[in-house]
Amino acid sequence: MEIRIGISQSARDLSFESKLSSKELTDLIQGAIESKAALLKLEDDKGKTILVPTSAITYVEIGAEKARSVGFIA
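Thresholds applied
Residues numbered from 1 in each chain as written. Predicted model: local features only at pLDDT ≥ 70, side-chain atom pairs only at ≥ 80, totals over all residues. Heavy atoms only, no water. Pairing = 2+ DSSP bridges. Helix = DSSP H or I, 4+ residues; strand = E, 2+ residues; numbered from the N terminus. Axes fitted to C-alpha atoms, helices over the stretch in contact; angles between N-to-C directions. Contact = heavy atoms within 4.5 Å. Polar contact = N/O pair within 3.5 Å; in protein donor to acceptor, adjacent residues only side chain to side chain. Buried < 20%, exposed > 50% of the residue type's maximum accessible area, 1.4 Å probe, protein only.

Examined bridge by bridge, strand β1 (residues 2-7) and strand β2 (residues 14-17) share four bridges and lie antiparallel to one another. Paired with Ile3 across the bridge in β2 is Phe16. Hairpin connection between β1 and β2: a loop of six residues separates the two successive antiparallel strands, and Gln9 in this loop has a positive phi of roughly 60°.

As a further point, take the sheet that holds β1. If you trace the three strands from one edge of the open sheet to the other, you get β2-β1-β5, paired in antiparallel fashion. Each edge of the sheet is formed by a strand with only one pairing partner; in this case those strands are β2 and β5 (57-62). Between one strand axis and the next, the sheet turns through 15° on average, direction left out of account.

Moving on, we come to the environment of Asp13. For Asp13, the location among the structural elements is in the loop between β1 and β2. The spacing of Asp13 and Tyr59 is 46 residues in sequence and 9.3 Å in space, taken between C-alpha atoms. Sequence-distant contacts of Asp13, that is, excluding residues within four places in its chain, are made with Arg4, Ile5, Gly6 and Tyr59. Within polar-contact distance, the side chain of Asp13 engages the side chain of Arg4 at 2.7 Å.

So, about unusual backbone geometry. For Gln9, which is not glycine, the phi dihedral falls at a positive 60°. Tracing the chain through its elements places Gln9 in the loop between β1 and β2. Given a relative accessible area of 88%, Gln9 falls into the exposed group. If you check the backbone angles, Lys36 has positive phi at about 60° while not being a glycine. Mapped onto the fold, Lys36 is located in the loop between α1 (22-34) and β3 (39-43). The exposure class of Lys36 is exposed, given its relative accessible area of 72%.

Below, the structure is given as structure tokens:
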């Protein structure tokens, strides 16, 4: 699942792949923002930990669940 997070006062967004489903990601992000947690902790598909200050999040874009096809399609 591809995730893009906009960070305030940053020209670039944070983009990475995660093994979590769209529902799991939505619940995790929404929970961190609603509980006013200082940091949102996420993990990418390679095991790296990503910490994002919740007060700096401007938007979150979660990609579609459909897997990308590889090769030629007839």
